[in-house]
Amino acid sequence: MLIDSHCHLDMDDYADDLDAVLARAKTAGVEKIITIGIDLASSRQALALARKYPMLKATVGIHPHDTSTASDTDWEGLLSLVADGGDAIVGWGEIGLDYAKNHSPQAIQRRQFAHQLELAARARLPVIIHDRDAHDDTLAILTASPARGHGGVLHCFSGDWSFAKKVLDLGLYISLSGVVTFKNAAALQEVAAKIPLDRLLLETDGPFLAPHPYRGKRNEPAWVVKTAEHIAQVRGIPVTELAAATRDNTSRLFSIQ
Ligand SMILES: [Zn+2]
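Undergrad: Would you mind going over the packing of helix α7 (residues 186-194) against helix α8 (residues 224-235) with me for this structure?
TA: In contact at an axis separation of 8 Å, α7 and α8 are set at 70° when each is read in the N-to-C sense. Considered as vectors, α7 and α8 are oriented roughly perpendicular to each other. Within the contact between the two elements, α7 uses Gln189, Ala192 and Ala193 and α8 uses Ile231, Val234 and Arg235. Of the residues belonging to the contact of α7 with α8, the class tally is four nonpolar, one polar and one charged.

Take a look at the structure:
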């Protein structure tokens with residue numbers, strides 16, 4: 001049994017066949033999927049999906065891409081979703097810094113990242129962190145943050161082992177996506193081999209980043225199995241052991257029953 005700790009099921013990519021996507025996930029052994037908010041509308045939709053499908057949990061947050069247009073209305077809207085959502089909402093994110101695309105100015109991204117860490121702490125939720133080409137600033141803001149009391153995960157981890165150690169030292173979990181299965185992912189495979197088994201999460205980040213051999217296709221939760229198999233092989237352990245450990249870690253971090 002597996003958990004896909006990060007997927008975007010509210011996106012249009014799944015609009016035509018979500019029931020079939022979830023049925024395939026179940027058949028593949030995926031028992032829970034966390035669908036991630038990227039703005040107010042997406043967070044609202046994630047909660048609606050989690051209310052409709054028992055195998056789903058939701059998160060709320062504003063992605064770094066959209067921080068330049070975020071306003072008080074958005075923050076109030078997200079907090080009221082948390083208040084209404086009960087145990088359907090398990091985390092705050094995805095939030096963080098994206099210096100690869102810079103859709104919002106970096107100074108605004110940093111300010112809104114710190115602000116959302118405070119909101120997450122107020123909501124008593126763990127955080128889901130997005131970091132692209134912004135390792136140093138991500139670490140600096142997290143080090144100064146009050147949100148670490150409720151834990152968090154660096155999702156779709158893209159650094160090397162020395163960065164992974166710093167993230168682990170902050171008490172955070174690390175989530176690996178299908179990128180670890182790509183042929184040119186030697187640094188990530190080193191992380192996959194060395195990370196303590198009680199700190200690792202798995203994700204698809206669907207519809208993006210489909211694992212080998214589906215690279216380039218629309219990703220979906222059933223394919224988290226491919227990532228699990230690959231990491232189990234890298235570590236030389238049975239996939240059932242890796243699945244159980246990552247499921248327990250995800251359940252612990254997000255307080256999922
Ligand atoms: Zn994502």
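Undergrad: What exactly am I supposed to notice about the pairing of strand β5 (residues 127-132) here?
TA: Along any regular strand, the residues point their side chains to alternate faces of the sheet. For β5, the buried fraction is high: five of the six residues fall into the buried class. Across five bridges, strand β4 (residues 89-98) lies against β5 in parallel orientation. Following the sheet pairing, leucine 97 is matched in β5 by aspartate 131. Each parallel crossover has a hand, and for β4 linked through helix α4 (residues 106-122) to β5 it is right-handed. With three bridges joining them, β5 and strand β6 (residues 152-154) adopt parallel strand pairing. Following the sheet pairing, isoleucine 128 is matched in β6 by valine 153.

Undergrad: Explanation requested: the sheet that holds β6 in the structure shown.
TA: Hydrogen bonds along the backbone pair up the strands of a sheet, which may run parallel or antiparallel. What the eight strands build is an open sheet, ordered β1-β2-β3-β4-β5-β6-β7-β8; its pairing is parallel. Each edge of the sheet is formed by a strand with only one pairing partner; in this case those strands are β1 (2-7) and β8 (200-202). Here the average twist between neighbouring strands, direction ignored, is 30°. Bridge count between β6 and strand β7 (residues 173-176): two bridges; the pairing is parallel.

Undergrad: What is the right way to look at helix α2 (residues 40-52) in this model?
TA: An α-helical turn contains 3.6 residues, so any two residues separated by three or four positions project in the same direction. Helix length check: α2, at 13 residues, gives a terminal C-alpha distance of 19 Å against a target of 18 Å (1.5 Å per residue), a fit within 8%. Turning to α2, its buried residues number three or more, namely Leu40, Ser42, Ser43, Arg44, Ala46, Leu47, Leu49 and Ala50. Residues of α2 that are buried in the fold lie against β2 (30-35), β3 (56-60), α3 (72-85) and β4.

Undergrad: Honestly, the pairing of β7 in this entry has me stumped. Any pointers?
TA: Burial along β7 is two-sided: Tyr173 and Ser175 and Ile174 and Leu176, pointing in opposite directions, are all buried. Here β7 runs beside β8; their pairing, made up of three bridges, is parallel. Within β8, the residue paired with serine 175 across the bridge is leucine 201. In this view, the connection linking β7 to its parallel neighbour β8 by way of α7 has right-handed handedness.

Reading guide: rules and limits
- Throughout this description, residue numbers start from 1 for each chain and increase along the sequence as written.
- Residues qualify for local features only when their pLDDT is at least 70, as the model is predicted, and side-chain atom pairs are given and counted only at 80 or more; totals for whole chains, interfaces and linings, by contrast, use all residues.
- Orientation is described by axes fitted as lines to C-alpha atoms, over the contacting stretch for helices, and by angles from 0 to 180 degrees between their N-to-C directions.
- Secondary structure elements are taken from DSSP: a helix is a run of H or I of four residues or more, a strand is a run of E of two residues or more, and numbering for both begins at the N terminus.
- Small angles under 35 degrees read as roughly parallel and large ones over 145 as roughly antiparallel, with 65 to 115 read as roughly perpendicular and the rest as oblique.
- C-beta atoms are placed from the backbone for every residue, and two residues are taken to be in contact when these atoms lie within 7 Å.
- Residue classes follow a fixed rule: Ala, Val, Leu, Ile, Met, Phe, Trp, Tyr, Cys and Pro count as nonpolar, while Asp, Glu, Lys and Arg count as charged, and any other residue, Gly among them, counts as polar.
- Three exposure classes are used, based on other C-beta atoms lying within 10 Å of a residue's own C-beta, which is placed from the backbone: buried for 20 or more, exposed for 12 or fewer, and partly exposed in between.
- Think of it this way: DSSP has to see at least two bridges between two strands before they count as a pair.
- With the strands pointing away from the viewer, any crossover whose connection runs clockwise from the first strand over the helix to the second is right-handed.
- The span you would expect from a helix comes to 1.5 Å times its residue count less one.

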